[in-house]
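Close look at the chain arrangement
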Amino acid sequence: MELFNVGGHELLVVNSEYVNAKYNLAHTEDGMPTSADDVLRLQNFQGVSVMEVTEGDNGWEVVIDSPFNRRIHHNTPMTIDGPAAGHDLLKTEADPTGTASLGTFNNCGSGRTPWGTYLTCEENFNGYFGTTAELALGDTHTMGFKRYGVKTDIDTGRYNYHGFDARFDISKNPNEPHRAGYIVEIDPAKPDSTPVKHTALGRFKHENAAYALAPDGRVVVYMGDDERGEFMYKWLSTDKYVPGGDTSTLLSKGQLYVAKFNDDMSGEWMALTPAATGMVEAEIAIFSRMAASAVGATTMDRPEWIAVNPTAVEGYCCLTNNRNRGVKPNAGGDETPANGPNPREVNNFGQIVRWRPSGDNHASNTFEWDLYVMAGNPNTQEGLYKGSSNINAGNMFNSPDGMQFDTTGIMWIQTDGNDKNEGDFAGMGNNQMLAGDPVTGEIRRFLTGPKGSEVTGLTWSTDRRTMFVGIQHPGRPFPDGEGSLPRSAIVAVKRVDNALVG
């Protein structure tokens, strides 16, 4: 989530990643849709909410009748731009132009642009598609579905959309999955505006989008592909950002790169060009994973949120975990041996990698890297699995996932991992949010979530006196207490003296 101040109005923009179908469809036996109406209900529950909020005597509340309020869901009209727009692989019977799609899916992390728009990131979109008939697909579709995890067997799948909505049936609409897996730009200040899917930023399981500005004004966007053994990416715009100027090309005209980490703690951003990949620009945009494999990018331990330090020229990425490290290749056949930034086989704890671009310039093609922290358990583990030196019994955690900096340079780390509190994870407790000092490496626990929940999403009110924190899929009756259904929620954190938070 992000908060935008538009003419004095506080607009909170929040992703709704997925549903709890057993509650949303309580009339069914197992939460699986049994009708088109059931499917529509689930489609409407997911996506993005823009809502005006205000603080009063009862704390923070939604301004119910605000003209800025809107819902963007699985059937909201979208514009497709960038190199894949209009390509044959994006054309469908409903949209023969390949430039206008419906809906945004499995919206995970987010980002914001310096010109005041919201970036929502489509992650596990593959789970919405299925087939009702045996398939006879060409090589391009078959390889693409395999690499991106789109199931090709006759099955009800995760949601059974395809059983009642032909748009999600790949036997009838094999190109529809190619229209998901992008970063979508939403203008919260213009409730009538059409969201834009930016194919130039690549198609993969986007976790979030972290922007930086190069010294010359070009826009940099760092992105992670949240899949075991996949990659980290960077976008560099061709045109420069000028406050108040034209921003229409800044996320559609430029170059997509993928990261290669060397064991000597150096690295480079490799350009995904037709010459380097053997693919045309539209194919690079649609099948970015294959393009990255073609240039030999470094397989990573599930790159999740990326954050850019506002007080130093450096970036950080949560590598949440990877039980397949050193065990088997990724879905594209790339081997996954232990390597520099991913030094542990069967990595169930995760780590955070940091890089500093050459010349203090985020547009640079080279960088130096180190590990800010390796999560682990010093009480139960030995060697690298104990964690790095800044992990102790009082702050240990596993599976760093969300990450955000405040304006002072404090790094806020959020976790989404094993909260059984036993075995390898004994003593870690529930998922949590921690505060890290990027200079000293000190990490302190700030809050813990309810059992079963992920702590995810972080933003502040304009005056920085309120911190908004997301609590997702709690496994206990939260936030309303015993006897109530568990619900995802946004928690407002304030200091008792109403001073700045962070």
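Everything here concerns the structure above.
Structure report, in brief. (Residues numbered from 1 in each chain as written. Predicted model: local features only at pLDDT ≥ 70, side-chain atom pairs only at ≥ 80, totals over all residues. Heavy atoms only, no water.)

Describing the pattern of salt bridges
- In the structure shown here, the tally under the stated rule is 23 salt bridges.
- For Arg-289, the salt bridge identified is with Glu-227, shortest N-O distance 3.3 Å. In this pair, Arg-289 is assigned in helix α6 (residues 288–294) and Glu-227 in the loop between β13 (218–225) and β14 (232–240), connecting sequence segments 62 residues apart.
- For Glu-227, a relative accessible area of 23% gives the class partly exposed. (Salt bridge = Lys/Arg side-chain N within 4 Å of Asp/Glu carboxyl O. Helix = DSSP H or I, 4+ residues; strand = E, 2+ residues; numbered from the N terminus. Buried < 20%, exposed > 50% of the residue type's maximum accessible area, 1.4 Å probe, protein only.)

So, helix α2 (residues 36–45)
- Those residues of α2 that sit buried are Asp-38, Val-39, Leu-42 and Gln-43. Taken down its axis, α2 places every buried residue within 135 degrees of arc, on the same side.
- Tucked inside the fold, the buried residues of α2 contact α1 (21–24).
- Once α2 ends, the next one or two residues include Gly-47, with phi positive near 130 degrees. (Arc of directions from axis to C-beta. Contact = heavy atoms within 4.5 Å.)

Overview of the sheet that holds strand β18 (residues 315–319)
- Taken in spatial order, the 9 strands make up an open sheet running β12-β13-β14-β15-β16-β20-β19-β18-β17, and their pairing is antiparallel. In the strand order of this sheet, the two ends are held by β12 (206–213) and β17 (303–308), each with one partner. Averaged over neighbouring strand pairs, the angle between their axes works out to 30 degrees when direction is ignored.
- Taken together, the 5 bridges between β18 and strand β19 (residues 351–357) define a ladder with antiparallel strand orientation. Bridging from a neighbouring strand, Cys-318 pairs with Ile-352 of β19. (Pairing = 2+ DSSP bridges. Axes fitted to C-alpha atoms, helices over the stretch in contact; angles between N-to-C directions.)

With respect to helix α3 (residues 139–148)
- Listed in full, the buried residues belonging to α3 are His-141, Gly-144, Phe-145, Arg-147 and Tyr-148. With its buried residues spanning 165 degrees around the axis, α3 presents them on a single face. Away from the buried face of α3 by more than 90 degrees, exposed residues Asp-139, Met-143 and Lys-146 are located.
- Looking at the buried side of α3, the elements it contacts are α5 (281–286) and α6.

Focus: the nonpolar core
- Counting residues in each nonpolar core, the largest one holds 52 residues, and the members touching the most others are Met-223, Tyr-233 and Val-258.
- Put simply, the parts of the chain that give this core at least two residues each are α2, β9 (118–122), α3, β13, β14, β15 (254–261), α5 and α6.
- In terms of nonpolar packing, the next biggest core, distinct from the first, is built from 21 residues, Met-232, Ala-259, Phe-261 and Val-308 among them. (Core = buried A, V, L, I, M, F, W, Y, C linked by side-chain atoms within 4.5 Å.)

Observations regarding the state of the cysteines
- All chains considered together, the criterion is met by 0 disulfides.
- Here Cys-108 is not disulfide-linked; the sulfur of Cys-121 is the nearest cysteine sulfur, at 7.5 Å.
- Free of any disulfide, Cys-318 has its nearest cysteine sulfur in Cys-317, 6.6 Å distant. (Disulfide = S-S within 2.5 Å.)

Focus: the pairing of β12
- Of all 8 residues that make up β12, 6 are buried, and the element is covered over most of its length.
- Here β12 runs beside β13; their pairing, made up of 6 bridges, is antiparallel. Its bridge partner being in β13, His-206 is matched across the sheet by Asp-225.
- In textbook terms, the turn of a hairpin is the stretch between consecutive antiparallel strands, and for β12 and β13 this stretch comprises 4 residues, one of which, Gly-217, has a positive phi near 95 degrees.

Focus: the packing of aromatic side chains
- Enumeration according to the criterion identifies 22 aromatic pairs in this entry.
- Look at Phe-129 and Phe-168: their rings are 5.4 Å apart centre to centre, the planes differ by 35 degrees, and that puts the pair in the tilted class. Remark: Phe-168 occurs in the loop between α3 and β10 (183–186) and Phe-129 occurs in the loop between β9 and α3; sequence separation between them is 39 residues. The exposure classification of Phe-129 matches that of Phe-168, with both residues buried.
- Measuring from centroid to centroid gives 5.2 Å for Tyr-222 and Trp-355, while their planes differ by 70 degrees, and the two rings are edge-to-face. Within this pair, whereas Tyr-222 is found in strand β13, its partner Trp-355 is found in strand β19, the two being separated by 133 residues in sequence.
- Relative accessible area serves as the criterion here: at 0%, Tyr-222 is assigned to the buried category.
- Following the ring pairs from residue to residue traces out a cluster consisting of Phe-105, Tyr-128, Phe-129, Tyr-159, Tyr-161 and Phe-168.
- Seen from the ring of Tyr-148, Arg-203 lies directly overhead, with NZ or CZ sitting 4.3 Å from the centre. (Phe/Tyr/Trp six-rings, centres within 6.5 Å; stacked < 30°, edge-to-face > 60°. Lys NZ or Arg CZ within 6 Å of the ring centre and 35° of its normal.)

A look at the side chain of Asn-330
- Mapped onto the fold, Asn-330 is located in the loop between β18 and β19.
- Relative accessible area serves as the criterion here: at 7%, Asn-330 is assigned to the buried category.
- At 2.9 Å, the side chain of Asn-330 and the backbone oxygen of Gly-229 are in polar contact.
- Side-chain polar atoms of Asn-330 contact the backbone nitrogen of Asp-334, separated by 2.9 Å.
- Here Asn-330 is in contact with Arg-147, Arg-228, Gly-229, Glu-230, Phe-231, Thr-299 and Thr-336, once residues within four sequence places are set aside. (Polar contact = N/O pair within 3.5 Å; in protein donor to acceptor, adjacent residues only side chain to side chain.)

Quick look at the sheet that holds strand β25 (residues 454–460)
- Strand order across the open sheet formed by 3 strands is β25-β26-β27, with antiparallel pairing between neighbours. Two strands close off the open sheet at either side, each with one partner strand: β25 and β27 (489–493). On average, adjacent strands in this sheet sit at an angle of 25 degrees to one another, irrespective of strand direction.

As for the side chain of Asp-401
- Within the fold, Asp-401 resides in strand β21 (residues 400–405).
- Although Asp-401 is buried, it makes no salt bridge; Arg-302 carries the closest opposite charge, 5.5 Å away.
- Residues within four places of Asp-401 in sequence aside, it is in contact with Glu-207, Glu-304, Trp-305, Cys-318, Thr-320, Gln-414, Thr-415, Asp-416 and Glu-454. (Lys, Arg positive; Asp, Glu negative; His and termini not counted.)

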